[in-house]
Structure formats: structure tokens, C-alpha cells
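# A look at the structure
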Amino acid sequence: MAAQNLQPVPEALSPEEQERAAQLDAEGQAYFDHVMAQDSRIEPKDWMPAAYRKTLLRQISQHAHSEIIGMQPEANWISRAPSLKRKAILMAKVQDEAGHGLYLYSAAETLGQPRDKMMDDLIAGKARYSSIFNYPALTWADMGAIGWLVDGAAICNQVPLCRASYGPYGRAMVRICKEESFHQRQGFEILLELSNGTPAQKQMAQDAVNRWYAPALMMFGPPDDDSPNSKQSMAWNIKRFSNDELRSRFVGMMVEQVRVLGLTLPDSEVRFNDETRKWEHGPLDWEEFKEVLAGRGPCNAQRLERRREAHDDGAWVREAAAAYAAKQARKHAEKEFAA
Amino acid sequence: MNSESVTTPETYTEAHAAETTGHGDISVGVAGSGDSSASATRITPGNALRPEDIALEVRTGLVKPSEDAAEYALRLGDDALILAQRLGHWISRAPELEEDVALGNIALDQLGHARSFLSYAAGLDEKSEDDLAYFRREHEFRSAHLFEQPNGDFAVTIARQFVVSYYQFELYSRLTQSTDATLAAISAKAVKEVDYHRDHSAQWILRLALGTEESRARIIHGLKLIWPYVGELFVDDELTHRLAEAGTAVEPSSLKADFDRLTGEILTEAELEVPQVPFAPGGGRRGKHSEHLGYILAEMQVLAREHPGASW
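Computed from a predicted structure; not experimentally measured.

## Brief notes about the overall build of chain B
- Scanning chain B from terminus to terminus reveals 14 helices and zero strands.
- Secondary structure elements in chain B, listed N-terminal to C-terminal, are α-α-α-α-α-α-α-α-α-α-α-α-α-α.
- Counting over 312 residues, chain B shows a buried share of 59%.
- Taking the contacts inside chain B whose residues are at least 6 apart along the sequence as the reference set, 81% of them involve residues at least 24 apart.
- Accessible surface, chain B: about 12600 Å² in total, of which carbon and sulfur atoms supply 51%.

## Digging into the overall build of chain A
- Along the backbone of chain A there are 13 helices and two strands.
- With respect to the principal axes defined by its C-alpha atoms, chain A has extents near 75 × 55 × 40 Å.
- The proportion of buried residues among the 339 residues of chain A is 50%.
- Sequence separation of at least 24 residues holds for 76% of the intrachain contacts in chain A that already meet a minimum separation of 6.
- Just so you have it, chain A exposes about 16900 Å², and 54% of that area is on carbon and sulfur atoms.
- Taking the average location of the 42 positive side-chain charges in chain A and that of its 47 negative ones, the two points are 5 Å from each other.

## Quick notes on the nonpolar core
- Ranked by internal contacts, the top residues of the largest apolar core, which has 182 residues, are Tyr52, Trp140 and Trp148 of chain A together with Ile205, Leu208 and Ile219 of chain B.
- With 14 residues, the top contributor of residues to this core is helix α8 (residues 154-175) of chain B.
- Apart from residues lying up to four places away in sequence, tryptophan 140 of chain A is in contact with Trp77, Ala81, Pro82, Arg86, Leu90, Ile190, Leu194 and Met204 of chain A together with Leu303 and Trp312 of chain B.

## Digging into the packing of aromatic side chains
- In this structure the tally under the stated criterion is 13 aromatic pairs over all chains.
- A ring pair is formed by tryptophan 90 of chain B and phenylalanine 154 of chain B, whose centres lie 5.9 Å apart and whose planes are at 90°; its orientation type is edge-to-face. Linking tryptophan 90 of chain B in the loop between α4 (67-88) and α5 (97-122) with phenylalanine 154 of chain B in helix α8, this pair joins segments that are 64 residues apart in sequence.
- Chaining the aromatic ring pairs together yields one cluster made of Tyr167, Trp227, Phe234 and Phe259 of chain B.
- If you follow arginine 185 of chain A out to its NZ or CZ, it ends over the ring of phenylalanine 182 of chain A, 5.2 Å from the centre.
- Across from the ring centre of tryptophan 204 of chain B, 4.5 Å away, lies the NZ or CZ of arginine 207 of chain B, which sits over that ring.

## Re unusual backbone geometry
Residue and element names in this part refer to chain B.
- Non-glycine residue serine 92 carries a positive phi angle of around 90°.
- In this fold, serine 92 is placed in the loop between α4 and α5.
- With a relative accessible area of 2%, serine 92 lands in the buried category.

## A few points about the environment of leucine 124 of chain B
All names here are of chain B.
- Here leucine 124 lies in the loop between α5 and α6 (129-135).
- A relative accessible area of 28% means that leucine 124 is categorised as partly exposed.
- Considering only alpha carbons, one finds leucine 124 and asparagine 105, 19 residues apart in sequence, at a separation of 30 Å.
- Contacts of leucine 124, omitting those with residues within four sequence positions, involve Lys64, Pro65, Ser66, Glu67 and Ala70.

## A closer look at the interface of chain B and chain A
- Taken together, the contact between chain B and chain A spans 48 residues of the former and 45 residues of the latter.
- Summed over both sides, the interface of chain B with chain A buries roughly 4000 Å², with 66% coming from carbon and sulfur.
- On the chain B side of the interface with chain A, the three residues burying the most area are Ser92, Leu97 and Trp312 of chain B, jointly 19% of the side's total.
- Between glutamate 98 of chain B and arginine 115 of chain A there is a salt bridge, with its nearest N and O atoms 2.5 Å apart.
- Counting across the interface, chain B meets chain A through 16 residue pairs in polar contact (both at pLDDT 80 or more).

## Some thoughts on the confidence of the model for chain B
- Mean pLDDT over chain B works out to 88, with 85% of the residues at or above the 70 mark.
- Two summary scores accompany this predicted model of the complex, namely pTM at 0.90 and ipTM at 0.92.

## What about the packing of helix α5 (residues 115-123) of chain A against helix α12 (residues 300-313) of chain A?
All names here are of chain A.
- Where α5 contacts α12, the two axes come as close as 9 Å, and the packing angle between them is 135°. If you check the angle between α5 and α12, you find them oblique. In this structure, α5 contributes Met119, Asp120, Leu122 and Ile123 to the contact, and α12 contributes Leu304, Arg307, Arg308 and His311.
- Residue composition of the contact of α5 with α12, by class: four nonpolar, one polar and three charged.

## Side note on helix α11 (residues 286-293) of chain A
Residue and element names in this part refer to chain A.
- Residues of α11 that are buried include every one of Trp286, Phe289 and Val292, and no others. Along the axis of α11, the buried residues cluster in a sector spanning 120°; they form a single face.
- Looking at the buried positions of α11, the neighbouring elements they touch are α8 (199-218), α10 (243-261) and α12.
- For α11, the N-terminal cap is aspartate 285; the gap from its side-chain oxygen to the backbone nitrogen of glutamate 287 is 3.2 Å.
- Glycine 295 lies just past α11 and shows a positive phi near 100°.

## Things to note about the side chain of serine 230 of chain A
- Relative to the elements of secondary structure, serine 230 of chain A occurs in helix α9 (residues 230-235).
- If we skip the residues at most four places from it in the chain, serine 230 of chain A touches Lys239 and Asn243 of chain A.

## Topic: the packing of α5 of chain B against helix α9 (residues 181-210) of chain B
Residues and elements named next belong to chain B.
- At a minimum axis separation of 10 Å, α5 and α9 run at an interaxial angle of 160°. Regarding the angle of α5 to α9, the classification is roughly antiparallel. Crossing of α5 over α9 shows left-handed handedness. Residues Glu99, Ala102, Leu103, Ile106, Asp109, Gln110, His113, Ser116, Phe117 and Tyr120 of α5 touch α9, and the partners they reach there are Thr182, Leu183, Ile186, Ser187, Ala190, Glu193, Val194, His197, His200 and Trp204.
- Partitioned by chemical class, the residues of the contact of α5 with α9 number 10 nonpolar, seven polar and three charged.

Cut-offs used in this document
- Residues numbered from 1 in each chain as written.
- Chains lettered and ligands numbered in written order.
- Predicted model: local features only at pLDDT ≥ 70, side-chain atom pairs only at ≥ 80, totals over all residues.
- Heavy atoms only, no water.
- Helix = DSSP H or I, 4+ residues; strand = E, 2+ residues; numbered from the N terminus.
- Buried < 20%, exposed > 50% of the residue type's maximum accessible area, 1.4 Å probe, protein only.
- Contact = heavy atoms within 4.5 Å.
- Areas by Shrake-Rupley, 256 points an atom, 1.4 Å probe, with all protein chains shown as cover.
- Lys, Arg positive; Asp, Glu negative; His and termini not counted.
- Charge placed at Lys NZ, Arg CZ, Asp CG, Glu CD.
- Core = buried A, V, L, I, M, F, W, Y, C linked by side-chain atoms within 4.5 Å.
- Phe/Tyr/Trp six-rings, centres within 6.5 Å; stacked < 30°, edge-to-face > 60°.
- Lys NZ or Arg CZ within 6 Å of the ring centre and 35° of its normal.
- Buried area = accessible area lost by both parts, 1.4 Å probe.
- Salt bridge = Lys/Arg side-chain N within 4 Å of Asp/Glu carboxyl O.
- Polar contact = N/O pair within 3.5 Å; in protein donor to acceptor, adjacent residues only side chain to side chain.
- pLDDT = per-residue confidence, 0-100.
- Axes fitted to C-alpha atoms, helices over the stretch in contact; angles between N-to-C directions.
- Parallel < 35°, antiparallel > 145°, perpendicular 65-115°, else oblique.
- Nonpolar A, V, L, I, M, F, W, Y, C, P; charged D, E, K, R; others polar.
- Arc of directions from axis to C-beta.
- Left-handed = near helix turned anticlockwise from the far one by under 90°.

Below you can see the structure in the form of C-alpha cells.
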């Protein structure tokens, strides 16, 4: 038995083969550089630098994990939504997020990583997801603030990603962005309704905006002088604008919209800088950001445990589906053989 | 419903064709009685019958349910609402992402049906779907016990879905012929969606029954837990008797043979037997509920009741 498992030690490549491999790499790199220079797209079967593949895989899988973990704070309010219409909208929204996770895992799979492996990494705590989802959704108004601020920030981040150099990622983002803009509008609408409602409702809305504002701003990542990976991602046409640039644009949008809402941003230092022509905001607590990122946020353990629980509880279902599919395939093959 | 106020689906369509209540093309729904294999997703949003359209018609006095029809709509609406509430819990907890999407979809369909039925029922005394969902007390609900049963594990949920979807398909198919045009229109839309729910549950019955030893044991157990509540679905009473006479609805008992035959076919294919368990007496249609409903309502209604009169 053991002997059957022994495989021969691979022979070293011949000098000709080595030369051929190096030549293929050089040709691949030349084509890749050409694509980057033209600002065109790399597709799954194209040659790509190992670091490019690794960076994309990390970014896309993190993005997918964020969608999946991001379902939880909102799913928390499905059962208590205060009207049937709101319940339907919220259900549809959380369901969309599962769909986004599916597109993104599929895009990541084109880079050679199976979904199971990504899910295992998430559950083992080896993979990251957006820190924003480690904050709790405490009131109904959080459904509004998450839609307006969190999805709003996500859109600012994601619209440029529709032009990301990796084809499957860019295409997934086009679809996701369309749905995200619905999500943001529904969040805005929830807040608008609350703001124009009873004093208790308006207070609920303001409290939620106060809590989600700074974490939403930090979704764009650390300041540019503290963002080591940004430069390479921009050179690869994955990232188009710097963290601070996107954050500034986002603040400008929120300033306009918060007026319509009849609410305020919890930041007395927001202003438009006439010299730089950019929006500026007050200081952000990057220590808190790092703490949450390092696993010490309000809900990190809870979010991961919930995902682990669903995954473990569902194991027997996935096994059954796989076993059934295998049996069906065997039956089908036997029928073919008999005929 | 007396004979003077009877409208057929056809006259309803004609009478409403010129109205601008939002679903001018209601014929898509009403004419669909023989078209249950059509894809629900192929209907464009502009043509779909939305709960808001029904609410608008009720509010503007275009339609008003008879007392019997309103009570009946309450039953169907409460069944769907309580089930949607149950299924919604799976979103973010399903065994696979694909099932988060699928169970979420089914929950959304059920919620949509609930909203339509409740909007119609609410027309009896100028209330809204939310008045009925959030401000009725436990004994005022009319859901059958089956819909109130806990999700359990995935097998229990699938067993409940299996019974519900085959029951609702038979019911809504027949209600497309109702002399009550609104019930007919809601059912015509719902039956297309419930057809997908049947497909979903039947496929999972087969996978679980013929998958692994564990999944087989679990689905057998799940069906056994759910089956006692099948009986209540097919019990006739004075209301269904009057509605059947008027052609507004059908006697629940008349659905039983087709339900048994079609679920039996799937169970046979899955090498399962109909669970040999006694039926529970039920009582949901008279406001006598399972122990579970109180908890479901407590959670569902808490926020709305904290802010009475608020709009959301």
C-alpha cells in the first residue's frame, strides 16, 4: 500500500526547460506591463506577478468576508423592523449582501483559491474583514446610519474599483455598486423619516449618526502617510485614489446630505479648505481603529462565533448535498454505460 | 359575499383597466390562473401586484372586503407573516450562502403575500397592514400552528417548508378562481412564487433523505415533528363553508387529496414514509395558538409598540 503512494522525486528541469520557463515569465511580465500601461484588464488565465495575485486575493476575499460578516448587524433587526415594508426592505438588503459575498468569492476563486479555504481562514480568525462590522447595531436608527454612512463610504471606495485592473473583480463591483446605491438611499430614507418623526425618533437618528460617523470615516483606511500597501495597489491599477482623497470626498457628500436630513455630523471641525479645494474633518481616533482591527472591538468575538456556529451547524447539510450529488452522478453514469 | 357584489376576475380587470392605482395591468396577475408554471421573476415590477396597490385601493374605497373575506384574508395573511418572521431568522445563519439567499427569498415572498392579504383585510375597518401586524394581540391572530413551529435545525425548517409550500400551492391555485377579485389577484401572483418554494423544499427533501445517514435521520425526525400540524390545515369550519358556497374560497378539506398525492410522490422518491403520528387539534383559526406565538409577537411588535402612532 505504502509503495503505491510513493511518487518519484521530480527531476530538475533541463537547462533548455529552465530557459523556456524564464522566457515565458519574461513574456508574461511584458504583457502584464503593457496591460497596466494601457490601463486595460487582466483576466484569470493571463500571466500575472505572484505578488499581484496575492494582493488581489487578499483584497477580494477580505471584501467578501466583509459582506458576509456585514449581514449580522442588520440581520439583528429583521425580526423587530417597525413596519412590514421596512422589514421587507431590510430582508432584501441583507439578502443582497449574501449575494455580494457570492460574487466576490467567485471572483476570488478565479485566482485559484477555493471558497471553502477562504471560509476556513475567516472562521479560524486568519482573514480580515472590514472593522466597521465589529460595532454593534443598537437601535433601529442604526439601520439608517449603516445604510447612509457605512454603505455610503463603501460606495465611495467601490465605485473606482469598477475599473480595477483585474477583470472579474471589476465586473463584480459594477453589479455590487448598483445595489449598494439602493442600500444607501434606503438608509437615508430611514433617517429622514425618523428625523421628521417624533422627538424620540429624531433623537434616535442623531444618536446613531453620532456613533457611526467616525468609524465610517475610518473605513477608508489609515492616513496616506501610514498606508504601506496603497502605492503598489495604485501602480497596479487596483486602487485609483488615495485613502485621504476618498475620505475627503465622502465628508463633502455627507455635509450636503446631513442638512437635508435635518441632523448634524458629530464633528465641529468639518470645513472646506479653499486652498487645497478639499473637505477636511476633525481628528480620528486611529488608536481605536487599531484596537478593533487587532480583535479588541465591541463585537469581534461575537461576529466570528456567529459565523463559526452557522458554518458548523450547516456541515451535515453540505455533506448531505455533496453525497447526494455524487450518488446522482454515479447513477447517471451507470445509466449511460448501460445504454 | 352576496350575489350583487360578486365580481369575476374578468370584470374586475375591465373595471380597473382605466384606473391609475399603480397596477393598471392587474390582468397579468388575475389571468394567470392557468399559468402557474410561468416565472414570477419574468413579470416586470410595473405589472406586479404590490401590497401598496391594494392598500391604495382599499383606502380610496375602490375595493372593500366583505366581513367573511376579511376574516379569511387574515388567516392567509397571518400564516404567511408568521412564517416570514420564522424564515427571516435564517438569513446570516444558513448552512450555505446560497441558502441564505434562497431562504431569504422565500421569506420575502411570504412577507409580500402577508402584506397583500393583510392590507386587504385591513380594509374592513379602515386600518392598515401595520395596525394588524403590530397592534393585534395574540388571540386576535389567525395563523395555524404549523406556521408557528420553531425553525429547529435545517431539516425541521425544510420539513415545514415542504408541507407549507405544497399546501399553499394547492390553495392559491384554486383561489385564482375566487369570485373575490382581490383574493384572486393576490393568489395569482403568490402561486407562481410558491411553485418555486415547492421546488426548493422537494429538492432538499431528496438531498437530505438520500444524502448521508445523518441527514436521513434528521429529515425523518423533522417530518415527524412537523406532521402533527398538517391536520389543522385541512379543517373546514363555518367560515370556509360560507366562502365556498359563495365561490370566494374553497373548503380546506378539498385540498387534502391533491396534497397527499403530490407530497406522497416526493416522499416515495425520497424513500420516506408519511409519518404515522396523530394530528394535534390546532385552533389557530379561532385564536387558540401554540406556546410559540407569544414570543414571536413579543419580538416582532416590540419596537412599533414602544412608539405608538409613529411612522417609519
